[in-house]
Amino acid sequence: MTLQGRFREIKDSLAHHFTVKPEFLDGLILAMLTREHAILLGPPGTAKSATVRALTSHFADADYFESLLHKDLPDSAVLGPYDLPLLTSEGKYVRRTEGYLPTAHVAFLDEAFKASATLQNALLAALNERVLHEVRDGRSAQPIPLHSAFAASNEGWQALGEESRAFWDRMLFRFHVAPVNSARDFQRMLGTPATYTPAANALLSMADLDRACAEVDRVLVPDSTLAALFQLRSLLMKSEFGRHVSPRRWRKAVHVLQAQAWRSGFESTDQLDRTAYMCLTPLLWDDPKHVSAVVSVIRNFIDLEFQDLAGPTVELRQMAEWVAGQIDANPSTFSGEDQARALDISRRLTRLLEDVQEIRGKEKGPGPRSVRIDALLQEIATARADVRKLVAL
């Protein structure tokens, strides 16, 4: 099984156990594939921590760290205490990090907004630069193996204070995890075992994850993808909330699209249909009340990809519907007026063919638009063949 296939198995295994939205699971997996961090907002009991633990369990040799943060928690409880004998004897500020966040591949920080500003600031270098600041062997920044960190808050957006803005910004993916609502999902949740066991065919190692991330990094990003992102940004900038998306987030959005393309088995991001850009939703909102507006903007952006094909498609299908009806009818009812209309449709189809061929000629290489245009050209060819049958009557 390919690496992509094994990641699909991870999602399927998680989806079988947890009653959460598919896009939430997709986002967590994309965070792992891009070495990014995510924050999960939502009330207690919505499986935030359980989902992260379950995801981590698919990486058999991953070191996992979890901590419940609060305002009185010292940074030593997360980053490790200082080695007091070494400090006393040699005057070196070196932490004992074994079993703490600096030695973990995956970390879960619960009630992150309740942490003191001191602790949140101490975490910034670990999250953004993957380093621990201390003096050791003449260096003040020690590399750490942290792959992805997941934070959570039961209080949600309301708990975010000004002192937490930098920490919030480090969370590339942002999710609002809602309670189960439908009767079907509620009954399914009640029947789910309390203990999660990862599927046997969905177990990987950290080396596998590193290899997947390296393959993601090699996915090509042509200019067409950058142009598409600029178009999306322009649409978002027309709204007040769009101005909150920093240049750093747009750069990282490119990497997320690379991961999305890799999951689909593509070698280039221009092979993605624009519907795949919905995966950027968790990156593009700063306030939960703007989520639905961001989704609406992305949907408009998706529609724009085929806007120039909308008119030809409608025109073609109106003509094809009339032609098909005439073919199915009794030939004896085909009048001279019908014959004249068939000839007019034949001329219109020829003009339509030329217009769509001109659009096709402007496309550079394969991609979703090329596929859609080729399908439209095939529909036109079928309609022309059918109308020739009518003209011959």
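It should be emphasised that the depicted structure is a prediction, and the values quoted were computed from it without experimental measurement.

Engineer: How would you sum up helix α10 (residues 223–237)? Please name residues and give values.
Structural biologist: The terminal C-alpha atoms of α10, which comprises 15 residues, lie 21 Å apart, in line with the 21 Å expected from a rise of 1.5 Å per residue. Against α11 (247–263) and α12 (291–304) lie the buried residues of α10.

Engineer: Hey, could you go over the pairing of strand β6 (residues 148–153) for me, with residue numbers and the actual values?
Structural biologist: Burial analysis of β6 places six of its six residues in the buried class, the great majority of the element. Residues Ser 148, Phe 150 and Ala 152 point to one face of β6 and Ala 149, Ala 151 and Ser 153 to the other, with burial holding for every one of them. Across four bridges, the pairing between strand β1 (residues 38–41) and β6 is parallel. Bridged to Leu 40 within β6 is Ala 152. Bridging between strand β3 (residues 106–110) and β6 involves four bridges; their strand directions are parallel. Across the sheet, residue Val 106 finds its bridge partner in β6, namely Ser 148.

Engineer: Describe the nonpolar core, and please don't skip the residues or the numbers.
Structural biologist: By size, the foremost hydrophobic cluster in this structure holds 92 residues, and its most contacted members are Phe 7, Phe 59, Val 78, Leu 101, Phe 150, Leu 280 and Leu 284. When residues no more than four places from it in sequence are discounted, the contact partners of Phe 59 are Phe 7, Ile 10, Met 32, Leu 204, Ser 205, Met 206 and Leu 209. If you look at the next biggest cluster of nonpolar residues, it comprises 21 residues, including Trp 322, Leu 353, Leu 376 and Leu 377.

Engineer: Any details on the environment of Asp 328? Residues and values, ideally.
Structural biologist: Position of Asp 328 among the secondary structure elements: in helix α13 (residues 307–328). Here the alpha-carbon distance between Asp 328 and Leu 284, two residues 44 residues apart in the chain, equals 51 Å.

Engineer: Could you give me a rundown of the sheet that holds β3, with the residues and numbers involved?
Structural biologist: The strand order β2-β3-β6-β1-β7 describes an open sheet built from five strands, whose pairing is parallel. At either margin of the open sheet sits one strand with a lone partner, and together these are β2 (64–68) and β7 (173–176). The mean inter-strand angle of the sheet, taken between neighbouring strand axes irrespective of direction, is 15°.

Engineer: Hey, could you go over unusual backbone geometry for me, with residue numbers and the actual values?
Structural biologist: One non-glycine residue, Ala 47, adopts positive backbone phi at about 65°. By the element assignment, Ala 47 lies in the loop between β1 and α3 (48–56). The exposure class assigned to Ala 47 is partly exposed, which follows from its relative accessible area of 27%. Of note, Glu 111 is a non-glycine position whose phi angle comes to about 50°, a positive value. You can see Glu 111 is positioned in the loop between β3 and α6 (117–128). Glu 111 gets classed as buried once you look at its relative accessible area, which sits at 6%.

Definitions and limits used
- Residues numbered from 1 in each chain as written.
- Predicted model: local features only at pLDDT ≥ 70, side-chain atom pairs only at ≥ 80, totals over all residues.
- Heavy atoms only, no water.
- Helix = DSSP H or I, 4+ residues; strand = E, 2+ residues; numbered from the N terminus.
- Expected span 1.5 Å × (residues − 1).
- Contact = heavy atoms within 4.5 Å.
- Buried < 20%, exposed > 50% of the residue type's maximum accessible area, 1.4 Å probe, protein only.
- Pairing = 2+ DSSP bridges.
- Core = buried A, V, L, I, M, F, W, Y, C linked by side-chain atoms within 4.5 Å.
- Axes fitted to C-alpha atoms, helices over the stretch in contact; angles between N-to-C directions.

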